[in-house]
Amino acid sequence: MIIFDSCRFKKKKKFINPEAPLNLTFPVIHLALPEQPPPMVKAYLRYEPASSFGVIASVESNIAYVSSGKHLLSPALEKIGVWHVRQGICSKTLTPSPFSRGPSLAVTSIVSSPSSLIAAGYADGSIRIWDSDTGTCETTLNGHKGAVTALRYNENGSLLASGSKDSDVILWDVVGETGLFRLRGHRDQVTDVVFVSSGKKLVSSSKDKFLRVWDLDTQHCMQIVGGHHSEIWSIDVDPDERYLVTGSADKELRFYSIKHESADGQSVNESNAIGSGDSLVQDKWEVLRQFGEIQRQCKDRVATVQFNKSGNLLACQVAGKTVEIYRVLDDSEAKRKAKRRVHRKKEKKHGKEVLEGAENGDRNNENKGDNSAVAHGPMETSNAAVTVPDVFKLLHTIRASKKICSISFCPITPKNSLASLALSLNNNMLELYSIESGDTSKTLAIELQGHRSDVRSVTLSSDNTLLMSTSHNAVKIWNPSTGSCLRTVDSGYGLCSLILPANRYGLVGTKDGTLEIIDIGSGTCVEVVEAHGGSVRSIAALPDRNGFVTGSADHDVKFWEYQIKQKPGQATKQLSVSNVGTMKMNDDALVVAISPDAKYIAVALLDSTVKVHFVDTFKFFLTLYGHKLPVLCMDISSDGDLIVTGSADKNIKIWGLDFGDCHKSIFAHADSVMAVQFVPKTHYVFSVGKDRLVKYWDADKFEHLLTLEGHHADIWCLAVSNRGDFIVTGSHDRSIRRWDRTEEQFFIEEEKEKRLEEMFEADVDNAFDNKYVPKEEIPEEGAVALAGKKTQETLTATDLIIERLDVAEAEKQRIAEHQEEKSNRNVAFQANPLMNGLSPSDYVLSAFSAVHSNDLEQTLLALPFSDALKILSYLKEWTSYSDKIELVCRIGTLLLQTHYNQLLSTPAARPVLTAFGDIFYDRVKGWKDIFGFNLAAMDHIQQMMASRSDALFRDARSKLLEIRAQQSKRLEERSDTGDVRRKKKKKTTTT
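Residues numbered from 1 in each chain as written. Predicted model: local features only at pLDDT ≥ 70, side-chain atom pairs only at ≥ 80, totals over all residues. Heavy atoms only, no water.

A. Helix α10 (residues 885-898), seen in detail. Here α10 contains 14 residues, and its C-alpha end-to-end distance of 20 Å stays within 8% of the 20 Å for a straight helix at 1.5 Å per residue. Listed as buried for α10 are Ile885, Val888, Cys889, Ile891, Gly892, Leu894 and Leu895. (Helix = DSSP H or I, 4+ residues; strand = E, 2+ residues; numbered from the N terminus. Expected span 1.5 Å × (residues − 1). Buried < 20%, exposed > 50% of the residue type's maximum accessible area, 1.4 Å probe, protein only.)

Written out as structure tokens, the structure is:
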């Protein structure tokens, strides 16, 4: 409502001074507007990763058997698949928690312990310990700054050694779930680690071409072994610790003998095979001594060397398609082979001398006798030096169909063969081989649960119950809810696909220009239609019609009709298609899209434009131009108002279909946009790109809503369900991922703040260690450092401890003041509600209980000295808690080690240390005695149970077998000695 006041001019003099201000009165307008409500903030529903399937074995990590030999561990990007070997099915999947997913979480190394525990290293430097029986993550160890490349348990599984791309080796206490120490010295990525000398020493290999031997008791590098001409990629030790083998890009495998120490400290070399006439004095620190080398059959670099459980086989896998299997002979067999080799050599030499003497005619009988004695003397044959070819003999060469990524021996030896070997191939496949003395045979191939190459297209059925995916040689039908593969059909290189209504048939457009008709029910290809002269790039269904449209690189857009009829010579009715129209374009047709009312057809061409034509007359309607590179994908909204295009120029553009005007151009991805699609009956858009991201947009407000991370490589395709409750994406990493819409609401501003916080935390993580450290810093020779690393969690835990210390100190002061007031008058004390009824000491202790065991060291390092003193004052009270005694010991020890010098020079710390020292030793010794008593009791119970069973008979049987084996070796040695004597006697008589 508008109200006008009266308008009045006050009359002035006849002559008006131009410099004087005019006294005018203008109308005053009063606007009576209704009160505007505050703007409504729109809430959206969040999409979360639900499942991923289609990956059998990824190429970033190795495979490994569990200790029982019944299951095989296979890396599947961020997951670990537990495959039942006999049944060939994935019985369990070890998946990280949802909040920690992302491209940095790919599994890079797997190792199984003697128990049911599994250690898995990831690309972000973390190590997770899994329980294979329950499928749960027991703990997470953070210490490395680069991807974990090597993992190895010791013999009893209590220690875990890890190597990484950051060139560090870390030793972990698996039981205590903490890092013991970090070993520095390598100049490049650590490729493998192995325990020797019953777990007292550790050998590590690196791409810097050196082996390093570490003494774990003194925590120093005691030997550096050179000699390799290229990077060392793998090392392994046989179960008896006789030999260590290394594999590199050199043409040979190198072997080293291992020096062991007896109980009295004397060096003992258990490798009797090297006990030849060499009289070299071994160095005190020389653990590894070069034994020899053998030439490999293949020229490719070595990827893995591995002994089997019994130690009688050695597998050498190269970075190609072959695995060389070597037979490892025991000491007696190696000695006999060496004797025969020396004997043949001397026979050959003797025969040559005899031939030369006969020709020259100047040989005398005395020299001949002497030569005969030298050639066949028992001392020489008995002291024959054993070389590497005497111990390692090439048995078989396994050739796979594709490049091999990793190998693993089964720890259980089959009855009718020498060993069972599992291979993971780079085409998403697992193969199992049985190794026999005469031949090798493939026993199982796990391949149906995934594509051999990139997933190029995915499409959902009309009722969302079926999912069809295509790759370079197969079409697979999936259940999108469970991720199980229902059908696999051999096909050409499928670039696009479509499931027709009624879910009976599917169409696949191939790179060869053909249309393949797939019978989903029977899983067969019914017909192959020669549709185009170039590759079929896109298929779009015609709404409410029995037809579809295809776009091709031959500049044609063809309209097709399909019907079910029985052709001559066919027993049943099958789907058949027929071309009813062709629209010629000026360039390659990359994408076609049909409006929901079937009025317009949009065609994206190679010239970076989009042509819009009428469907019925093929007449030109609009041209959408603005992209700098070709449009690779597009979609039209359900109401036909908007069309969205995605291009190789990394942008998506939102257009109005009525006038062809560009509403908004958005820089969407860091690489090419490969697929865009509207959520049905909305203006929300999903886009995927080669930057591995899925993004969610509001096309009305031009706002970025969500970013979904999970894929580990380029994303090629996208499909949205007809209700918008889930989406499916396919990628170059061969995985198919499903993302479900949840009931959780989010707001745009909150998401923006969350993204900024993530960027800030990422910058903080990068600045932790790199801010004051030179980029090309070389680690100190054989240095030892702390095992953990500073993370956002450790800083948060430090802040929490400081905050609780301040609250506890304030509460103690309030209690003291209350005690003074209570002596004067009776006043009730009001405790701080933040402390949840806990005492100040317990309130501070609860903060430490929430800190992960592996993060405790870094958390305490960030505390200032004043707060460390406060914590030391609480330790005396905390020692009264029996269940916290280990935690209290660790806190006290770490604080004393960290602030030792400052504590000595601080007078205020002396009473704290005195009180702490009086009670600390007694409490720890008391609990140590209790643990020792309990262990002794359990040993006694175990002995009682063993006496009631047939364990003694089993031990006697194994002892009897061992004695028989020793006797058989002695008999063989005696027979060999007798043969040598008889041959010598025979030859002396002939001469």
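B. The arrangement of the sheet that holds strand β57 (residues 715-720) in detail. Sheet architecture is open: four strands sit in the order β3-β59-β58-β57, paired in antiparallel fashion. Edge positions in the sheet fall to β3 (44-53) and β57, since each has one partner strand and no second. Averaged over all neighbouring strand pairs, the angle between strand axes comes to 25°, with direction disregarded. In terms of strand pairing, β3 meets strand β59 (residues 736-746) through eight bridges, oriented antiparallel. (Pairing = 2+ DSSP bridges. Axes fitted to C-alpha atoms, helices over the stretch in contact; angles between N-to-C directions.)

C. Fine view of the packing of helix α9 (residues 865-878) against α10. One can describe the packing of α9 onto α10 by two numbers: an axis separation of 10 Å at closest approach and a directional angle of 145°. In terms of crossing hand, the pair formed by α9 and α10 is left-handed. Residues Ala868, Ile871, Leu872, Leu875 and Trp878 of α9 lie in contact with α10, whose contacting residues are Val888, Ile891, Gly892 and Leu895. Grouping the amino acids of the contact of α9 with α10 by side-chain chemistry returns eight nonpolar, one polar and no charged. (Left-handed = near helix turned anticlockwise from the far one by under 90°. Contact = heavy atoms within 4.5 Å. Nonpolar A, V, L, I, M, F, W, Y, C, P; charged D, E, K, R; others polar.)

D. A look at the packing of helix α7 (residues 840-849) against α9. Relative orientation of the contacting elements α7 and α9 amounts to 100°, with a least axis distance of 10 Å. It follows from the interaxial angle that α7 and α9 lie roughly perpendicular. On the side of α7, the interface is formed by Pro840, Ser841, Val844, Leu845 and Phe848, while α9 contributes Ile871, Tyr874, Glu877 and Trp878. Its residues placed into classes, the contact of α7 with α9 shows seven nonpolar, one polar and one charged. (Parallel < 35°, antiparallel > 145°, perpendicular 65-115°, else oblique.)

E. Representation of the side chain of glutamate 78 within the structure. Of note, glutamate 78 is situated in the loop between β5 (71-76) and β6 (79-84). On the basis of relative accessible area, glutamate 78 is assigned to the buried category, the value being 2%. Side-chain polar atoms of glutamate 78 contact the side chain of arginine 737, separated by 2.9 Å. Contact partners of glutamate 78, with chain neighbours within four places excluded, come to Ser52, Leu94, Pro96, Leu105, Ala106, Val107, Tyr122, Gly710, His712 and Arg737. (Polar contact = N/O pair within 3.5 Å; in protein donor to acceptor, adjacent residues only side chain to side chain.)

F. Region of interest: the pattern of salt bridges. Taken as a whole and assessed by the stated rule, the structure comprises 22 salt bridges. Glutamate 751 is the salt-bridge partner of arginine 46, the closest N and O atoms lying 2.7 Å from each other. In this pair, arginine 46 is assigned in strand β3 and glutamate 751 in helix α5 (residues 748-770), connecting sequence segments 705 residues apart. Pair check on accessibility: arginine 46 and glutamate 751 agree, each one buried. For glutamate 293, the salt bridge is made with arginine 254, and the minimal N-O distance between the two is 3.7 Å. Here arginine 254 lies in strand β22 (residues 252-261) and glutamate 293 lies in strand β24 (residues 288-295), a separation of 39 residues in the sequence. Salt bridges sharing partners connect three or more residues here, namely Asp250, Glu252, Arg254 and Glu293. (Salt bridge = Lys/Arg side-chain N within 4 Å of Asp/Glu carboxyl O.)

G. Spotlight on the pairing of strand β27 (residues 322-328). Taken across its seven residues, β27 has six buried, putting it largely inside the fold. Bridge count for strand β26 (residues 313-318) against β27 is five bridges, and the pairing is antiparallel. Bridge assignment links leucine 314 to a residue of β27, and that residue is tyrosine 326. Two successive antiparallel strands, β26 and β27, enclose a turn made up of three residues. Inspection of the sheet shows β27 paired to strand β28 (residues 392-399) by seven bridges, in the antiparallel sense. Looking at β28, one finds that threonine 322 is bridged to arginine 399.

H. View of the sheet that holds strand β40 (residues 524-530). Strand order across the open sheet formed by four strands is β37-β38-β39-β40, with antiparallel pairing between neighbours. Whereas interior strands pair on both sides, the edge strands pair on one side only; in this sheet they are β37 (494-499) and β40. Looking at each pair of strands side by side, their axes are set apart by 20° on average, direction ignored.

I. Structural context of the packing of aromatic side chains. Following the criterion strictly, the structure yields 20 aromatic pairs and no others. Here tyrosine 243 and phenylalanine 291 contribute two aromatic rings whose centre-to-centre distance is 5.2 Å and whose plane-to-plane angle is 15°, an arrangement assigned as stacked. Of the two residues, tyrosine 243 sits in strand β21 (residues 243-248) while phenylalanine 291 sits in strand β24, which places them 48 residues apart along the sequence. Per residue, the accessibility class of tyrosine 243 equals that of phenylalanine 291, and both read buried. Geometry around tyrosine 843 places arginine 804 over its ring, the cationic atom sitting 4.8 Å from the centre. (Phe/Tyr/Trp six-rings, centres within 6.5 Å; stacked < 30°, edge-to-face > 60°. Lys NZ or Arg CZ within 6 Å of the ring centre and 35° of its normal.)

J. Highlighting the environment of leucine 160. Position of leucine 160 among the secondary structure elements: in strand β13 (residues 159-164). On the basis of relative accessible area, leucine 160 is assigned to the buried category, the value being 0%. Taking the C-alpha atoms as reference points, leucine 160 and leucine 180, 20 residues apart in sequence, are found 10.0 Å from one another. Not counting residues within four places of it along the chain, the set of residues in contact with leucine 160 comprises Val111, Ala119, Ile127, Ile129, Leu151, Arg152, Tyr153, Ile170, Leu171, Trp172 and Val174.

K. Seen up close, the side chain of aspartate 556. Looking at the secondary structure, you find aspartate 556 in strand β43 (residues 556-565). Leaving out residues up to four positions away in the same chain, aspartate 556 has contacts with His532, Thr550, Gly551, Thr582, Met583, Lys584 and Ala589.

L. Looking closely at the nonpolar core. Membership of the largest hydrophobic core comes to 31 residues, with the highest contact counts inside it found for Phe848, Leu860, Ile871, Trp878 and Ile891. Listing elements by their share of this core, those giving two or more residues are α6 (792-824), α7, α8 (856-861), α9, α10 and α12 (910-948). When residues in this core are grouped by element, the largest group, eight residues, is from α9. In this view, isoleucine 871 contacts Ile801, Leu805, Phe848, Leu863, Trp878, Ile891 and Leu895; residues no more than four positions away in its chain are not counted. (Core = buried A, V, L, I, M, F, W, Y, C linked by side-chain atoms within 4.5 Å.)

M. Layout of the confidence of the model for the protein. Of all residues in the protein, 83% attain a pLDDT of 70 or more, and the chain-wide mean is 84. In this model residues 1-22 is a low-confidence stretch, pLDDT under 50, and it forms 20 contacts with partners more than four residues away in sequence or in other chains. (pLDDT = per-residue confidence, 0-100.)

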